[in-house]
Amino acid sequence: GWTDGPGFPLVRPIQGFGGGISDAFVAKLAPDGETLLFSTNLGGAHEDAATALALDPRGRVYVAGATRGGFPIVGGFQPLKNGNGDGFLAKLTPDGRSVIYSTYLGGGGDETIRDLAVDAKGAAYVVGRANGPGFPVRDALSSFLKGPLDGFLSVVGPAGRGFYASTYIGGFREDDGWGVAADGSGGIYLTGR
């Protein structure tokens, strides 16, 4: 989720509150729900919000959302924000003590990641919405924005350094990606509006 100021309960955090309007946060509770095992802010000096979370088979934590800039980037394929706001994707160690990678994901408009899934090899499948040109594409079904708002799907490799595939998905009106799942045989399932 996100928090709009200092005071969020932090346990062994990667960072404290980054400033700005809001920071994303990630927290892990004990099985009884009564103890925070770790919790941390993720964000910079602007507006950040986490909207999706997934775990891989080894317990590594993947978190994604949207940022207005200043997000802490670690070894990601897109080190700089491109538009007014970009999506972000971060992969944390299972104990929540460090970032394995983090990256912006966006083009010249305003992008938000709405959902993510992770496969057995650690590839991250992210879906969301984009409203501008220049979204990074590879092996795309559609290489350009068709309407005022298109959905997108990006499949990010386990190390966070590049794509297996990335595409706009949409028609000539407004489209938005809301959910994604990956099966064990390479199939990708999307839902949206």
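For the structure, check the block above.
These figures come from a predicted structure and were not determined experimentally.

Draft legend 1. Representation of the overall build of the protein chain. Secondary structure assignment for the protein chain yields 0 helices and 13 strands. Mapped in sequence order, the helices and strands of the protein chain form the string β-β-β-β-β-β-β-β-β-β-β-β-β. With the C-alpha coordinates of the protein chain rotated into their principal frame, the extents come out at 45 × 40 × 30 Å. Of all 193 residues assigned to the protein chain, the portion counted as buried reaches 48%. If you take every contact in the protein chain between residues at least 6 apart in sequence, the share linking residues at least 24 apart comes to 56%.

Draft legend 2. Geometry of the side chain of Asp23. Tracing the sequence through the fold places Asp23 in strand S2 (residues 23-29). One buried charged residue, Asp23, forms no salt bridge at all, with the nearest opposite charge on Arg68 at 12 Å. At 2.4 Å, the side chain of Asp23 and the backbone nitrogen of Gly18 are in polar contact.

Draft legend 3. Representation of the pairing of strand S4 (residues 48-55) within the structure. Bridging between S4 and strand S5 (residues 61-67) involves 7 bridges; their strand directions are antiparallel. Looking at S5, one finds that Ala54 is bridged to Tyr62. The hairpin turn running from S4 into S5, its antiparallel successor, is 5 residues long, and Gly59 in that turn takes a positive phi close to 85 degrees.

Draft legend 4. Fine view of the packing of aromatic side chains. For the structure on display, the rule yields 5 aromatic pairs. Residues Phe8 and Phe25 carry aromatic rings whose centres are separated by 4.3 Å and whose planes lie at 35 degrees to one another, so their mutual orientation is tilted. Residue Phe8 is found in the loop between strand S1 (2-3) and S2, and its partner Phe25 is found in strand S2; the two are separated by 17 residues along the sequence. The exposure class of Phe8 is partly exposed, given its relative accessible area of 24%. Chaining the aromatic ring pairs together yields one cluster made of Phe135, Phe152 and Tyr168. Above the plane of the ring of Trp178 lies Arg114, whose end atom (NZ or CZ) is 4.2 Å from the centre.

Draft legend 5. Looking closely at the pattern of salt bridges. This structure, assessed with the given rule, holds 4 salt bridges. Between Arg68 and Asp110 there is a salt bridge; the shortest N-O distance is 3.0 Å. Of the two residues, Arg68 sits in the loop between S5 and strand S6 (86-92) while Asp110 sits in the loop between strand S7 (99-105) and strand S8 (112-118), which places them 42 residues apart along the sequence. You can call Arg68 partly exposed: its relative accessible area is 31%.

Draft legend 6. Main features of unusual backbone geometry. A positive phi angle, close to 50 degrees, is found at Arg12, a residue other than glycine. Following the sequence through the fold, Arg12 ends up in the loop between S1 and S2. Overall, the relative accessible area of 43% leaves Arg12 in the partly exposed class. We note that Asp139 has phi near 45 degrees; this positive angle belongs to a residue other than glycine. Tracing the backbone through its elements, the reader meets Asp139 in the loop between strand S9 (124-130) and strand S10 (150-156).

Draft legend 7. Molecular detail of the nonpolar core. Grouped together as the largest cluster of nonpolar side chains are 18 residues, with contacts concentrated most on Leu89, Leu105, Leu116, Val126 and Phe152. For this core, the secondary structure elements donating two or more residues are S4, S5, S7, S8, S9, S10 and strand S11 (163-169). If we ignore the near neighbours within four places in the chain, the residues touching Val126 are Leu89, Leu105, Ile113, Asp115, Leu116, Phe152, Leu153 and Ser154. Counting 12 residues, the second largest nonpolar core, distinct from the first, contains Leu42, Val63, Phe71 and Tyr104.

Draft legend 8. Up close: the sheet that holds S5. On the basis of which strands lie adjacent, the open sheet formed by 4 strands has the order S4-S5-S6-S7 and antiparallel pairing. A strand with exactly one partner marks an edge of an open sheet, and here the two such strands are S4 and S7. Strand-to-strand, the axes of this sheet are offset by a mean angle of 20 degrees, without reference to chain direction. Alignment of S6 against S7, held across 6 bridges, turns out to be antiparallel. Residue pairing across strands places Gly87 opposite Leu105, the latter belonging to S7.

About the criteria used
Numbering of residues starts from 1 in each chain and follows the order in which that chain's sequence is written. Where totals are concerned, whole chains, interfaces and linings use all residues; where local detail is concerned, this predicted model gives features only for residues with pLDDT of at least 70, and gives and counts side-chain atom pairs only at 80 or more. The side-chain numbers reported here are obtained from all heavy atoms of the structure, hydrogens and water having been left aside. Runs of H or I in DSSP of at least four residues are treated as helices and runs of E of at least two as strands, each being numbered from the N terminus. For each residue, the accessible area found with a 1.4 Å probe, counting protein chains only, is set against the maximum for its type, and the residue is called buried under 20%, exposed over 50%, and partly exposed in between. We call two residues in contact whenever any of their non-hydrogen atoms come within 4.5 Å of each other. Under the convention used here, Asp and Glu are negative, Lys and Arg are positive, and both His and the chain ends fall outside the count. Just to be clear on terms, a salt bridge is a Lys or Arg side-chain nitrogen sitting within 4 Å of an Asp or Glu carboxyl oxygen. Contacts described as polar in this section are N or O atom pairs within 3.5 Å, which, within protein, must combine one atom able to donate a hydrogen with one able to accept it, while residues neighboring in sequence count only if both atoms come from side chains. For two strands to be treated as a pair, DSSP must find at least two bridges joining them. Ring pairs are drawn from Phe, Tyr and Trp, using the six-membered ring of Trp, whenever the two centres fall within 6.5 Å, and their geometry is named by plane angle: stacked under 30 degrees, edge-to-face over 60, tilted for the rest. Criterion for a charge above a ring: Lys NZ or Arg CZ within 6 Å of the ring centre, and within 35 degrees of the ring normal. Each nonpolar core is a collection of buried residues, namely Ala, Val, Leu, Ile, Met, Phe, Trp, Tyr and Cys, held together in the definition by side-chain atoms within 4.5 Å. Every angle, taken between N-to-C directions, lies between 0 and 180 degrees, and every axis is a line fitted to C-alpha atoms, over only the stretch in contact when it is a helix.

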